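Survey of secondary and tertiary structure
Each chain, letter by letter, is given below.
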Number of protein chains: 2
Amino acid sequence: MKQFDCLLPKPAVLIPDSGTLRITTGFTLGLASPASRRTVSGASRFLARLAGRTGLFLTEPKPLLHVQPPQATLFLTCRRPGRLKLNEDESYRLEIGQDHAVLSAETDLGLLRGLETILQLLTADAQGHFLPALRIEDQPRFPWRGLMIDSARHFQPVEVIKRNLEGMAAVKLNVFHWHLTDDQGFRVESKVFPLLHQHGANNEYYTQEQIKEVIAYADALGIRVVPEFDLPGHTTSWLPGYPELASTEGPHTLETGFGIKDAALNPAREGTYTFLATFLQEMAGLFPDEYFHLGGDEVNGKQWSANREIQTFMRTNQLPDHHRLQSYFTQRVQALVSKVNKKMMGWDEILASDLPASVVIQVWRGKEQLITAAKRGLKSILSYGYYIDLMQPAEFHYRNDPLSLETELTREEKNLVLGGEAVMWSEFVSPENIDSRIWPRTAAIAERLWSPPGHCSPEDLYQRLDRISLHLEELGLTHEKNYQMMLRRLAGTARITPLMNLVDLCEPVKLYTRHERRDYTTFSPLTRVVDAARPDAKIPRTFRQLVGTYLQARQKGEKNSKPASEFRGWLHLWSVNHDALAPIINSSPLLHEIASLSADLSKIAGFGLQALAVLENEGEKDWPAFSYMQAKESLAAAKKPRGEVELVVVTAIEELVEAAERVKRQSETERHRNPSGAP
Amino acid sequence: MKQFDCLLPKPAVLIPDSGTLRITTGFTLGLASPASRRTVSGASRFLARLAGRTGLFLTEPKPLLHVQPPQATLFLTCRRPGRLKLNEDESYRLEIGQDHAVLSAETDLGLLRGLETILQLLTADAQGHFLPALRIEDQPRFPWRGLMIDSARHFQPVEVIKRNLEGMAAVKLNVFHWHLTDDQGFRVESKVFPLLHQHGANNEYYTQEQIKEVIAYADALGIRVVPEFDLPGHTTSWLPGYPELASTEGPHTLETGFGIKDAALNPAREGTYTFLATFLQEMAGLFPDEYFHLGGDEVNGKQWSANREIQTFMRTNQLPDHHRLQSYFTQRVQALVSKVNKKMMGWDEILASDLPASVVIQVWRGKEQLITAAKRGLKSILSYGYYIDLMQPAEFHYRNDPLSLETELTREEKNLVLGGEAVMWSEFVSPENIDSRIWPRTAAIAERLWSPPGHCSPEDLYQRLDRISLHLEELGLTHEKNYQMMLRRLAGTARITPLMNLVDLCEPVKLYTRHERRDYTTFSPLTRVVDAARPDAKIPRTFRQLVGTYLQARQKGEKNSKPASEFRGWLHLWSVNHDALAPIINSSPLLHEIASLSADLSKIAGFGLQALAVLENEGEKDWPAFSYMQAKESLAAAKKPRGEVELVVVTAIEELVEAAERVKRQSETERHRNPSGAP
């Protein structure tokens, strides 16, 4: 069933049938009438992608209207246009026979999801392209499957958003959470308060026309757009234009650093609420989604404590600490949101407030917040464990199930867990490398949120991620292609093989380590090796696997040199790579910071080869040269990150070295016992 | 003077000095006050690119205002903001010393041009990045240096336009000619005649907001935007919305094929002119440039001849043929353009009309039209020889000088030749591959139009194009990175080496050959090998050069095997490549069309190796195997394009084969004369 290895996310039910549906120039796509606008545009995009991938000059390159199912190779039918709101039906049913296929759904959203499935099923052999005959019945496990992009810390132009929306649609995500304001930038044009974007965005903001363009684009892809205006903290960018909102005197300037800042809106002034009421009303006219995200995270309360007026307000209102004050603020804001007919959403700090059942909590500080929310009767989505900016492997995110703690919850409470969101904070991403942080790892999260619970093997997951990664490229995503482009700039030449040999083995340091290493600002260049290197490095993963298989086989007493014959070539390549890379490093100042890492790689690869020789020559009389102590020293050195990247092949080489040392020691012990060498 | 090899276009005057200006984190950019908006944004972009390329965390990442020259590492000063119009001053003067640099200009446009020069001068050594000390005095040879992009045949989204504007600025081009309407699409939103874009664009058009966005973007880069509304031919897309403009009854549908179509507006109806007057008035409010391009090309007159009303009109107005009728139309349109305070521009067919001196003729059918225009006192720009859609080498375009026929013209007439435009028609380009047709070849045209007359060697040109090609990538251009992406899709895998080995040696067929091979429409997939392959293929160029050098040396009786040792490796690689590629081709239907080409390459490379063995073993007793007749046959077969691509290493291999055959024949003749083999 090899052709189903391509599905990501996996469908709920798949029943294979025998035979194939061949795709030829005569392929037609028919639509039941009346066809919704979303169906027509989705079908047209499908045909263009089908033609692009197959190279076929289709006789009918446009969807056919007013036809009956057997008149078209693929027939699409749904009952009604879907509404882009929570819990809308996205299910679909796909039947592929040897002559025809029918995709049916309750809504056109279901059709869009099903069309992506078909494109993933498309396969080729020597005879041409085909679809496997089968039946699929599919629907999402969770209704809220999102991706958040932070456009505030580093502005991400419209085309970045658009191509990522396409990527989302390809893996059946349905909520784009747009983090539009933060300390470093106010990224949405306001016509009622123009100084917000004029003084708060360094000229990098979305016009209202662009916002509408993105919303229309997302709508066509069946994706909701939930805007976030982060309040009352993360608000430095509001203040240069409207200092009256501030809790301090000022002067207020746009933040260029990162981390938790003190700025917080003044919750004690009635004017703050009047301002927000007007602002939210304007935004309610711009963003059609029923949910508005109002932030609520990381308020340190410093400015509130230092402001006499606010202190008085707290006493008058019996708000003993800044947490209670924030609760008060949150409740006021919730009322304002409600007044413009929207439902509020916020980071899990808002759980401290008394909130109506309509509110959605975005859980980020720990999974137990999901339980807390549910026990309080509040809806929630999971983002803890889905922070893709932290450079953890896809497998880690994949294992993170929103309902893995389900035993504690009743069935009704479980239903309050709506799904989750991958979260892309943008301290360290530019339009050049943001895609490589989002894709393909977000596809693993997408499967977790769409498919029935359960886990596939890491091999299965990564194989499917590799495949979807290629497909995502046709949508304009740059996660693959910008890697070599960035290496060309780093090397100052198109001849990047030795540099690539090194960076292929590197991952950016994980979690919040980069912040500790250097003082980053919004102006810091994001063109270094760490910015080109990618999480989930592929060659190291394979290397580790091969080494693991090899050593396990040895441990079981089996002699299996096949994996070694595969990874030996890599060790050879790495052991001589520094000689090739050194001249490039020498003429590229940007590479100086990884010069010693490159040297370390060649050293430890050399020791890896020594160790392998020991392991492969076990029992023979003359031991190959093997310097365990020096190897250990080099391995320890190689583990240290340089330029905020780390070599992720060190431990695997270390395992080889340790195994070799064990073999040698054991054999020496034996020789000691039996110095003649006789058996 | 190696560091000046990077300048493209070359400056008018460059006087090297000794020493270098080192770029460190302390680098500052100071602006004389008052600084224009364009200066500030240009300086900010410069700093971001400088930081990106050097990886430096600049202490002052923003331009400094209100400073004096010695307080900044680089100081920018100009007299006034430039106006974006013909003949505006773009000159600049750059002095780089060991401690400071000063860039001065009459206008901020000159500053932008100079900043690009500085970024091209940026070099690195083991100590870090630096600028060479020097003095440059630079100004353009021609005031009109353009790139035309056809957004009509295949729509090109805003981001495609923006990144190409950045590319233009990098090589000092200053006019973006935007071909907005044609038979296949009406790509600009009209608020007065909304059915134009609603019925004429398949939903792919620029909103007026987007047009403004592009104009503002271009303005910041010092680039004029000249819109083209092609009239009276190439107008099929106007007619579905406004059939009253047509010269036939209809029904009118959007054109999906290419080539010269019959549709032409009805020049006999007064309503046509009223419509155009209103439309042009709307567009005049949208596009600020003083020039409007009104097309005028390729009217075949068929619809006019077949329309009785039009025939009557021609008789009444004494217009004996359709050329005169078009002249009449052109003059009416010119008057309308003039009425909205714009100057008219058109393709060289409009030379048939009586036109005022303000008109600019775009010469495309032959260079003699430049002379005709000048003799008539009309301004002109050259595009004949700059049709970059025709896939000719950069060198060809580079040799094409607008004033190479200058002897026929007086000094005043010469001044009427304003410059030229590279022209990118879009029958065969998608947003994925358009950049690879524009860049880097357009940089060669840019040098022709900016730099003093004269030619550099092809080696010099191509070396500089290779370098600028890397720099252009930092602007988001995809000419390099989409190549491998497209190959990955073709191969259905990330392991593309054997496919790349082949496609690296292929160029798309040239001139108008593709139209003859297959019936293309706007729906045809542009994802085939021919769409990934690029003009001016680099490896073949080097290969041809090495073979040439080798054979020339032999002919002179010198024994120089060095080039052979370099190209022998390639021949080896190619000779076995088909074995590696065949399995990929087998599972990728899109590659079937080049299967025999791949086989042919391996065959002729094998014969190339045979020939080389003969040449290298001359004089030895035993000839290596060499089958001349079979080689000839295979070479002839390999010359045939397949899938609209051609192998561009065939003739070089043929030269090797012919040389080997000569050697062999000569030696056999000698042996015949002297059968003993004695000298």
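Residues numbered from 1 in each chain as written. Chains lettered and ligands numbered in written order. Predicted model: local features only at pLDDT ≥ 70, side-chain atom pairs only at ≥ 80, totals over all residues. Heavy atoms only, no water.

Digging into the domain arrangement of chain A
Residue and element names in this part refer to chain A. Looking at the assigned domains, one finds that chain A contains domain 1 (3–138), domain 2 (144–267 + 290–458) and domain 3 (484–673). Computed over C-alpha atoms only, the centres of domain 2 and domain 3 are separated by 39 Å. Of the roughly 1900 Å² buried at the junction of domain 2 and domain 3 (both faces included), carbon and sulfur atoms supply 63%. Among the residues of domain 2 in contact with domain 3, Met391, Phe428 and Glu432 are the three that bury the most area, contributing 35% of the side total. (Domains from an automatic or database assignment. Buried area = accessible area lost by both parts, 1.4 Å probe.)

Examining the pairing of strand β13 (residues 343–347) of chain A
Residues and elements named next belong to chain A. Counting buried positions over the five residues of β13 gives four, a clear majority of the element. Inspection of the sheet shows strand β12 (residues 291–295) paired to β13 by three bridges, in the parallel sense. Bridge pairing links Phe292 to Met344 in β13. As paired elements, β13 and strand β14 (residues 360–363) share three bridges and run parallel to each other. Considered in β14, the bridge of Gly346 is made with Ile361. (Buried < 20%, exposed > 50% of the residue type's maximum accessible area, 1.4 Å probe, protein only. Helix = DSSP H or I, 4+ residues; strand = E, 2+ residues; numbered from the N terminus. Pairing = 2+ DSSP bridges.)

Quick notes on the nonpolar core
All names here are of chain A. In this structure, Trp178, Phe229, Trp238, Phe279 and Phe287 are the most contacted members of the largest nonpolar core, which totals 103 residues. Of the residues forming this core, the biggest block, eight residues, is contributed by helix α6 (residues 270–286). Apart from residues no more than four positions distant in its own chain, Trp238 is found in contact with Thr181, Phe186, Leu196, Phe229, Asp230, Leu231, Leu245, Phe275, Leu276 and Phe279. (Core = buried A, V, L, I, M, F, W, Y, C linked by side-chain atoms within 4.5 Å. Contact = heavy atoms within 4.5 Å.)

Describing the side chain of Gln184 of chain B
Residue and element names in this part refer to chain B. Tracing the backbone shows Gln184 in the loop between β9 (175–182) and β10 (185–186). Relative accessible area serves as the criterion here: at 3%, Gln184 is assigned to the buried category. A polar atom in the side chain of Gln184 sits 2.8 Å from the backbone oxygen of Gly257. Beyond its immediate chain neighbours, meaning those up to four positions away, Gln184 contacts Ala152, Arg153, Leu254, Glu255, Gly257, Phe258 and Thr522. (Polar contact = N/O pair within 3.5 Å; in protein donor to acceptor, adjacent residues only side chain to side chain.)

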